[in-house]
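What follows is each chain in one-letter form.
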Amino acid sequence: MKIAILTGAGVSAESGLGTFRDVGGLWTQYDLNEVATPEGFARNPALVHDFYNARRANCASAAPNAAHQALAVLAASTHEVTLITQNVDDLHARAGSPKVIHMHGQLMRALCADCDARWNAPEVMSPQDDCPACGASATRPDVVWFGEIPYHMDEIAHAVATADLFVAIGTSAEVYPAAGLVELAQGQTLEINLEPSARANAFDDHRFGPATQVVPAWVAEMC
Ligand code: APR
Ligand code: ZN
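Within each chain, residues carry numbers counting from 1 in the order of the written sequence. Following the order in which they are written, the chains are lettered starting with A and the ligands numbered starting with 1. For this predicted model, a pLDDT threshold of at least 70 governs which residues receive local features, and a threshold of 80 or more governs which side-chain atom pairs are given and counted, while totals over whole chains, interfaces and linings are taken from all residues. Side-chain metrics rest on all non-hydrogen atoms present in the structure, leaving aside hydrogens and water.

Some remarks on the overall build of the chain
Point 1. By definition, any uninterrupted DSSP run of H or I lasting at least four residues is a helix, any uninterrupted run of E lasting at least two residues is a strand, and each is numbered from the N terminus. A count of helical and extended segments in the chain gives eight helices and nine strands.
Point 2. Relative to the compact-globule value of 17 Å for 223 residues, the chain shows a C-alpha radius of gyration of 17 Å, a close match.
Point 3. Overall, the chain is about 50 × 35 × 30 Å in size when its C-alpha atoms are taken along their principal axes.
Point 4. Each residue is assigned to one of three classes by its accessible area relative to the maximum for its type, calculated with a 1.4 Å probe on protein chains only: buried under 20%, partly exposed between the two thresholds, exposed over 50%. By the burial criterion, 50% of the 223 residues in the chain qualify as buried.
Point 5. Contacts are assigned to residue pairs that have any heavy atoms within 4.5 Å of one another. In the chain, 59% of the contacts between residues at least 6 apart in sequence involve partners at least 24 apart.
Point 6. The Shrake-Rupley method, run with a 1.4 Å probe, gives the accessible areas here. Residue values count only the displayed protein chains as cover. Entry remark: accessible area of the chain is about 10,100 Å², with carbon and sulfur atoms responsible for 52%.
Point 7. In this tally, Asp and Glu contribute negative charge and Lys and Arg positive charge; neither His nor the terminal groups of the chain are included. Working definition for charges: the position is that of NZ of Lys, CZ of Arg, CG of Asp or CD of Glu. Positive and negative charge centroids in the chain, built from 12 and 26 side chains respectively, lie 2 Å apart. For a compact globule the rule gives 2.2 Å times the number of residues to the power 0.38, and the radius of gyration it is set against comes from C-alpha atoms.

Thoughts on the sheet that holds strand 3 (residues 100-102)
Point 1. Between any two strands, pairing holds if DSSP finds at least two bridges. Within the open sheet, the six strands sit side by side as 3-2-1-7-8-9. Their pairing is parallel. For this open sheet the edge positions go to strand 3 and strand 9 (205-208), each flanked by a neighbour on one side alone. Neighbour-to-neighbour, the strand axes of the sheet open up by a mean angle of 20°, direction not taken into account.
Point 2. Relative to strand 3, strand 2 (residues 80-85) runs parallel, the two sharing three bridges. Its bridge partner being in strand 3, Leu83 is matched across the sheet by Val100.
Point 3. On the sheet, helix 5 (residues 66-75) packs against strand 1 (2-7), strand 2 and strand 7 (165-169) and is oriented at approximately 160° with respect to strand 1. Lines fitted to C-alpha atoms define the axes, with helix axes restricted to the stretch in contact, and inter-axis angles between N-to-C directions lie between 0 and 180 degrees.

Some thoughts on the coordination of the zinc ion (ligand 2)
Point 1. Coordination partners: N, O, S within 2.8 Å of the metal, 3.2 Å for Na, K and Ca; water not considered, so apparent gaps in a site are possible. Surrounding the zinc ion (ligand 2) are the protein donor atoms Cys112 (SG), Cys115 (SG), Cys131 (SG) and Cys134 (SG), at 2.2 to 2.3 Å.
Point 2. Site shape is set this way: if four donors have all angles between 85 and 135 degrees, tetrahedral; if opposite donors are over 155 degrees apart and all others between 65 and 115, square planar for four donors and octahedral for six; otherwise irregular. Of note is the zinc ion (ligand 2), whose four donor atoms meet at the metal with angles of 103 to 117° in an arrangement that counts as tetrahedral.
Point 3. Since its relative accessible area comes to 4%, Cys131 is described here as buried.
Point 4. Cys134 sits in the partly exposed class, given a relative accessible area of 39%.

A few points about the site of ligand 1
Point 1. Around ligand 1, a shell composed of 23 residues is seen, among which Phe20, Arg21, Trp27, Thr171 and Ser172 lie nearest.
Point 2. The term polar contact refers here to a pair of N or O atoms within 3.5 Å; inside protein, the definition further demands a hydrogen-donor-capable atom paired with an acceptor-capable atom, and it admits residues adjacent in sequence only when both atoms are side-chain atoms. Interatomic distance of 2.7 Å between a side-chain N/O atom of Trp27 and an oxygen atom of ligand 1.
Point 3. Leu194 places a polar main-chain atom, nitrogen or oxygen, 3.2 Å from a nitrogen atom of ligand 1.
Point 4. Starting from 730 Å² of accessible surface for ligand 1 in isolation, the protein chains cover 94%.
Point 5. Grouping the amino acids of the shell around ligand 1 by side-chain chemistry returns nine nonpolar, 10 polar and four charged.
Point 6. Domain borders in the structure are assigned automatically or taken from a domain database. The two domains that each donate at least three residues to the shell around ligand 1 are domain 1 (1-17 + 64-104 + 150-223) and domain 2 (18-61 + 109-143). A cutoff of 4 Å decides nearness: a residue is near a molecule or strand if any of its heavy atoms lies inside that distance of it. Throughout this entry, Asp, Glu, Lys and Arg are counted as charged residues, while Ala, Val, Leu, Ile, Met, Phe, Trp, Tyr, Cys and Pro are counted as nonpolar. The remaining residues, Gly among them, count as polar.

A short note on the packing of helix 5 against helix 8 (residues 211-222)
Point 1. For the pair helix 5 and helix 8, the least separation of the axes is 8 Å and the interaxial angle reads 15°. The angle between the axes of helix 5 and helix 8 places the two elements in the roughly parallel class. Two packed elements cross with a definite hand, and for helix 5 against helix 8 that hand is left-handed. Within the contact between the two elements, helix 5 uses Ala66, Ala67, Ala70, Leu71, Val73 and Leu74 and helix 8 uses Ala211, Thr212, Val215, Pro216, Trp218, Val219 and Met222.
Point 2. The residue inventory of the contact of helix 5 with helix 8, partitioned by class, reads 12 nonpolar, one polar and no charged. Working definition: roughly parallel below 35 degrees, roughly antiparallel above 145 degrees, roughly perpendicular at 65 to 115 degrees, and oblique for all remaining angles. It is the rotation of the near helix from the far one that decides the hand of a crossing: anticlockwise by less than a right angle makes it left-handed, clockwise makes it right-handed.

Side note on unusual backbone geometry
Point 1. Following Tyr176, the chain continues to Pro177 via a peptide bond in cis, the omega torsion being 5°.
Point 2. Following the sequence through the fold, Pro177 ends up in the loop between strand 7 and strand 8 (188-193).
Point 3. The backbone phi angle of Asp116 is positive, close to 70°, even though this residue is not glycine.
Point 4. In this structure, Asp116 sits in the loop between strand 4 (105-112) and strand 5 (118-120).
Point 5. The phi dihedral of Ala173 is positive, around 55°, even though this residue is not glycine.

Description of the side chain of Asp89
Point 1. For Asp89, the location among the structural elements is in the loop between strand 2 and helix 6 (91-95).
Point 2. A pairing counts as a salt bridge when a side-chain nitrogen of Lys or Arg comes within 4 Å of a carboxyl oxygen of Asp or Glu. Here Asp89 sits buried without a salt bridge, and the closest side chain of opposite charge, Arg55, lies 6.8 Å off (N-O distance).
Point 3. A distance of 2.7 Å separates polar atoms of two side chains, one belonging to Asp89 and the other to Ser12.
Point 4. A distance of 3.0 Å separates a polar atom in the side chain of Asp89 from the backbone nitrogen of Leu91.
Point 5. When near neighbours in sequence (up to four residues on either side) are disregarded, Asp89 contacts Ser12, Leu17, Cys59 and His102.

Have a look at this one:
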């Protein structure tokens, strides 16, 4: 079976990485306009680097949880799995998922705003860093900010539209285009989340509960 999976921050919540819109979430602690927009970065690059340096450190000290591991087991099964994530952490890859499509980029990667070069981010990035390719002091985290175009959308849309099953896991479905992917699905659709998302009505089936419990149980049924 061709399965397209979209994950959000809820799949990494039990690894200790904060979500965005839950109680105490990142967007209740920080003003996303200051730390997750190109305009915010232009105004204060040091603040933005500090925000992502802290998240990068959290990510490096976090471990993949049973949900990440179960999705890696599914990828190794006879099913044809496309794993798409809104998350910028590297926990899916560290759990063993062979191919992860990061539509919002990756914390562990750096980008040069001048020449588009990408490289593995150092633990701590700063506005004084120079691009290793062109030498410009225009380095930024390789993450997609609000108002920017998510990565790999053609590949993502094709995977969702041609899947026998589209599964959204751990996302509030508040941010587009990720939240609109369910509309592209031609096969069955399943939402796995702690609670109904903003798009719950668009899904055929739902399983509610913590991802580390619900995802392994679902994968065990699929394999
Ligand atoms: N298990 C399953 N689901 C959970 C868990 C858990 N342990 N904990 C939280 N959730 C669910 C919440 O109920 C919520 O619906 O995960 C969802 C997290 O929603 P958000 O915090 O909005 O995160 P996400 O949907 O990934 O945000 C999408 O918004 O800010 C941007 O770029 C950012 O990629 C992010 C995008
Ligand atoms: Zn450059």
